[in-house]
Amino acid sequence: MKRKFTTLASILILALVIISGTLFLGKNYNQKVLSAYDQISTKKVCVTSPVLSVHNGAGTQFPVITQIYKGQTIDITNQIGNWYVIRFNDKLEMISANFATPVTTPKPAPIPAPSPVSSPKPAPKPVPVPAPSSTPAPTSNQLTSDQSQMLNLINAERTKLGGKALQFDSELAKVANIKAKDMVDNNYFSHTSPTYGSPFDMMKSFGIHYFAAGENLAGNSGVEKAHYALMNSEGHRKNILNPNFTNIGIGIAKSPTYGYVFVQMFIGK
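Residues numbered from 1 in each chain as written. Predicted model: local features only at pLDDT ≥ 70, side-chain atom pairs only at ≥ 80, totals over all residues. Heavy atoms only, no water.

Asker: Can you walk me through the side chain of Arg-158 in this structure?
Answerer: Here Arg-158 shows up in helix α2 (residues 145–160). We note that Arg-158 is buried and unpaired, the nearest opposite charge coming from Glu-157 at a distance of 10 Å. Engagement of the side chain of Arg-158 in a polar contact is seen with the backbone oxygen of Lys-164, the distance being 2.7 Å. Side-chain polar atoms of Arg-158 contact the backbone oxygen of Phe-245, separated by 3.2 Å. Apart from residues no more than four positions distant in its own chain, Arg-158 is found in contact with Gly-163, Lys-164, Ala-165, Leu-166, Ile-240, Leu-241, Asn-242, Pro-243 and Phe-245. (Helix = DSSP H or I, 4+ residues; strand = E, 2+ residues; numbered from the N terminus. Buried < 20%, exposed > 50% of the residue type's maximum accessible area, 1.4 Å probe, protein only. Lys, Arg positive; Asp, Glu negative; His and termini not counted. Salt bridge = Lys/Arg side-chain N within 4 Å of Asp/Glu carboxyl O. Polar contact = N/O pair within 3.5 Å; in protein donor to acceptor, adjacent residues only side chain to side chain. Contact = heavy atoms within 4.5 Å.)

Here it is as structure tokens:
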């Protein structure tokens, strides 16, 4: 009887792991959301095992939360013995360091100084200005109508609970628009860009300074649907309502898969 109970419990745990993994990794073409939060410097590791379990403690005796797969790049926040600490669904979880190798980011090659020229340079030819895209990145503090609508929805949620409204940050919005366009151009939906790395690396590479930062991603057919999908998810709602955040940049790009891709970048100054 005891063996039957143990077997049944194992089957139930495996089913929960499969379900949680499907919810985390599955693809939904109607809408999709992801959230990220960073308050310390992170390092990256690459999974080397075909399948690597994520535990809620530093040891295989702790329950398995989900599974990740070979080739995935994961941000780690710390290391406890032979276990890496990762942030999963806004909680700290563990993966074995035996099956993940650190990822080093090569430093860019220095740009050589131009050689001196004795003769005067010819005047440069005028560069044609490209036509604006359907959802242009803001060049000043002026918001597009979709950005304004999303900002108003977010600040309504914050002020309703007694929080401070977020300030729209035009420099951060430029970064968010670049991330949204990069996701569409390279056909991916992830916080980790193949071009720019994690959202926190990307912010820093564009000169954005912060003491706390976060990112929400949504794929949906419109601003309101994207907003309510994010608010109905605990991790995304925490980013939207986080009192540590003071500024926001919103990026929007047309997507053949979702209709639009929405990038919300939050920082605390």
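Asker: What am I meant to see in the packing of aromatic side chains here?
Answerer: How two aromatic rings sit relative to each other is given by the distance of their centres and the angle of their planes. On inspection of all chains with the given rule, the structure shows four aromatic pairs. An angle of 55° between the planes, with centres 5.9 Å apart, marks the rings of Tyr-196 and Phe-206 as tilted. Placement of Tyr-196 in the loop between α3 (170–185) and α4 (199–205) and of Phe-206 in the loop between α4 and β10 (212–220) is noted, with a sequence separation of 10 residues between them. Classification of Tyr-196 by relative accessible area gives partly exposed; the value is 29%. (Phe/Tyr/Trp six-rings, centres within 6.5 Å; stacked < 30°, edge-to-face > 60°.)

Asker: Even after reading the chapter, I still don't get the pattern of salt bridges, so can you show me in this structure?
Answerer: Side chains that differ in sign of charge can pair as their charged atoms come close. According to the stated counting rule, one finds eight salt bridges in the structure shown. Note that Lys-269 and Asp-169 form a salt bridge whose closest N and O atoms lie 3.3 Å from each other. Residue Lys-269 is located in the segment after β12 (259–268), and its partner Asp-169 is located in the loop between β9 (167–168) and α3; the two are separated by 100 residues in the primary sequence. Overall, Lys-269 belongs to the exposed group, its relative accessible area being 60%. The exposure class assigned to Asp-169 is buried, which follows from its relative accessible area of 11%. Residues Glu-171 and Lys-174 are paired through a salt bridge, measuring 3.3 Å at the closest nitrogen-oxygen approach. Here Lys-174 and Glu-171 lie together in helix α3, a separation of three residues that amounts to about one turn. Overall, the relative accessible area of 30% leaves Lys-174 in the partly exposed class.

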